Every structure is written in structure tokens, then in C-alpha cells.
Amino acid sequence: EVVDARLLFDGTFQNKFMELFFYDDDVNPFRLYDEEGNEVPYTLHRVEHWAWQRVCGPVSDVGDGHTISFRARLRPGGVTQFKVVPSDRPTRQLGTMVTSPTSAENEKIRLDISADGTLKLTDKQNNKCYERLLSFLDDAEIGDGWFHCPTVDNRVVSSIGAPCAISVESDGPAQCVFLVEKEMRVPRRVER
């Protein structure tokens, strides 16, 4: 299970560092541990300064919000706890799942994004491949909420072959996120 979490640190947090050659914002360094005391690698997605004041209302010590994701083994129907421990030095984990600007993989799956923005997902454990995912069709609709009814001269437009831009939005040891933006030219309306 990949967990997305937003951690709020008040203004009394011990240390802050500008990581990675002082190009980043100040980061509250911390380590994350599971219930057995094992360190859990996490991906730091975003740092938001003065988040405490926006979420919790005015307080004397304004703090920061850190958005992270991490892999976790969660108890079904129960509570699973994790411990956030301050660190006296920078703690950014720089692991990656990205294997190229348009692909990523972990021990179970491989994702490849083609130039037209469609996805190929390979299940490495069962050796199954799913292709042309994330493709769209646009066609005319003159029905209502209960019945689909295309027009007589229905024109079906496919997103396959449409221009697209692919970017890596975030990457780390637990999760990576791609943004695929497609541009499709579709009819504006149905003429009667």
C-alpha cells in the first residue's frame, strides 16, 4: 500500500536544512519508522511554509507542512502507527522508480508511456502486458441520462496519435507520478 500523508510541524521543530546545495526551501529533517522500529523510506513531494496556521488557525509558533508518500503494510480493519523522529542532519531519500523520462518500474510492474501518451503496463510477476491504456474516444451523443444514442453520421475521434506532453511530476523510493497532457481536436457540438 502506498500512503500519501501531510505532516504538520509546528514552529518548535528542532532543525531546518536547505538540502541539495541550498537550492531548495528549508526542510524539516525527520525519519519515519514503523511499529517494529524499521526505518521507512519516503518521498518528499512538497514543503509548504506556514501550513500550520492555515490548517489549525492562528498559533504563536507557525510551522510547515510536508507532503510525503511511503510504502506501508497496513492492518486490515485496524490501526497502523508510524513514528516521525526529528533528525539533526538532512534526511532526503533520493531513491528512484523512474527508468527513463517515459518509464518506471518496481519489483512488480513496469510502466512505459508511448509518444502518443498511451500506457503499456507489464505485470512482471505474471508476465502479462496491457497496452494502449489511457486512450480516449469522443463521439456524438444525442441520448439522455439513461440511453446512449449516437447520431446517424457519428464521427469518432481517437486520442491515439494526438499531440501530448509527458513529464515526471515526482519521483522517489515509494512512488513516482507522471503527468500526461493530451490535446484532442473534437467537434464543438451536434448540429440538428
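Structure first, text after, so check above.
Here goes a summary of the coordinates provided. (Residues numbered from 1 in each chain as written. Predicted model: local features only at pLDDT ≥ 70, side-chain atom pairs only at ≥ 80, totals over all residues. Heavy atoms only, no water.)

Comments concerning the nonpolar core
Selection criterion: Among buried residues, those of type Ala, Val, Leu, Ile, Met, Phe, Trp, Tyr and Cys that are joined through side-chain atoms within 4.5 Å constitute a nonpolar core. Think of it in three bands: with a 1.4 Å probe and only protein chains considered, a residue is buried below 20% of the maximum accessible area for its type, exposed above 50%, and partly exposed in between. Every helix listed is a DSSP run of H or I at least four residues long, and every strand listed is a run of E at least two residues long, numbered separately from the N terminus.
If you look at the biggest cluster of nonpolar residues, it comprises 14 residues, and the most contacted ones within it are Leu7, Phe30, Leu32, Tyr42, Leu44, Ile68 and Phe70. The set of elements that each furnish at least two residues to this core consists of strand S1 (2–9), strand S4 (30–33), strand S5 (42–49) and strand S6 (64–71). Element by element, the count of residues in this core is highest for S1, at four residues.

Re the pairing of S1
In the case of a regular strand, side chains alternate between the two sheet surfaces. Rule in force here: Only strands joined by at least two bridges in the DSSP assignment are considered to pair.
Judged by which residues are buried, S1 turns out to be one-sided: Val3, Ala5, Leu7 and Phe9 face inward and are buried, whereas Val2, Asp4, Arg6 and Leu8, on the alternate face, are not. Bridge count for S1 against S6 is eight bridges, and the pairing is antiparallel. Bridge pairing in S6 places Phe9 opposite Asp64.

Examining a nonpolar patch on the surface
What counts, and what does not: Each patch is built from residues lacking any salt bridge and having more than 30% relative accessible area; the joining distance is 9 Å for like charges and 5 Å for nonpolar side chains (Val, Leu, Ile, Met, Phe, Trp, Tyr). Working definition of accessibility: Shrake-Rupley area with a 1.4 Å probe, residue cover restricted to the visible protein chains. The term salt bridge refers to a side-chain nitrogen of Lys or Arg lying within 4 Å of a carboxyl oxygen of Asp or Glu.
Among the surface-exposed residues, Tyr130, Leu133, Leu134 and Phe136 lie close enough to one another that they form a single nonpolar patch of about 350 Å² accessible area. Note on placement: Leu134 falls in the loop between strand S12 (128–133) and strand S13 (137–138).

What to know about the sheet that holds strand S8 (residues 98–100)
Sheet strands pair via backbone hydrogen bonds, and the direction of the pair is either parallel or antiparallel. Counted only if it meets this: A fitted line through C-alpha atoms represents every axis, and for helices the fit uses only the stretch in contact; the resulting angles, taken between N-to-C directions, go from 0 to 180 degrees.
Spatially, S8-S9-S10-S11-S12 is the arrangement adopted by the five strands of the open sheet, whose pairing is antiparallel. Every interior strand has two partners, whereas the edge strands, S8 and S12, have only one. Sheet twist, expressed as the mean angle between neighbouring strand axes with direction ignored, is 15°. By the bridge criterion, three bridges tie strand S9 (residues 103–105) to strand S10 (residues 109–113) in an arrangement that is antiparallel. Looking at S10, one finds that Glu105 is bridged to Arg110.

Re the packing of aromatic side chains
Two measures describe an aromatic ring pair: the distance that separates the ring centres and the angle between the ring planes. Quick reminder of the rule: Each Phe, Tyr or Trp ring, with Trp reduced to its six-membered ring, pairs with another whose centre is within 6.5 Å; inter-plane angles below 30 degrees give stacked pairs, above 60 give edge-to-face pairs, and intermediate values give tilted ones.
All told, the structure shown has two aromatic pairs when counted by the stated rule. Seen from their ring centres, Phe30 and Tyr42 are 4.7 Å apart, and the 5° between their planes marks the pair as stacked. Of the two residues, Phe30 sits in strand S4 while Tyr42 sits in strand S5, which places them twelve residues apart along the sequence. The two residues Phe30 and Tyr42 agree in class, both being buried.

Digging into the sheet that holds S1
What the three strands build is an open sheet, ordered S1-S6-S5; its pairing is antiparallel. Looking at the sheet topology across the chains shown, the edges are occupied by S1 and S5. Adjacent strand axes in the sheet meet at a mean angle of 20° when their direction is disregarded. Of the pairings in the sheet, the one linking S5 to S6 comprises seven bridges and is antiparallel in character. Paired with Tyr42 across the bridge in S6 is Phe70.

Observations regarding unusual backbone geometry
For residues other than glycine, phi is negative in most cases, and the peptide bonds are mostly trans. Although it is not a glycine, Asn127 adopts a positive phi angle of roughly 55°. Positive phi, close to 70°, is recorded for Leu134, a residue that is not glycine.

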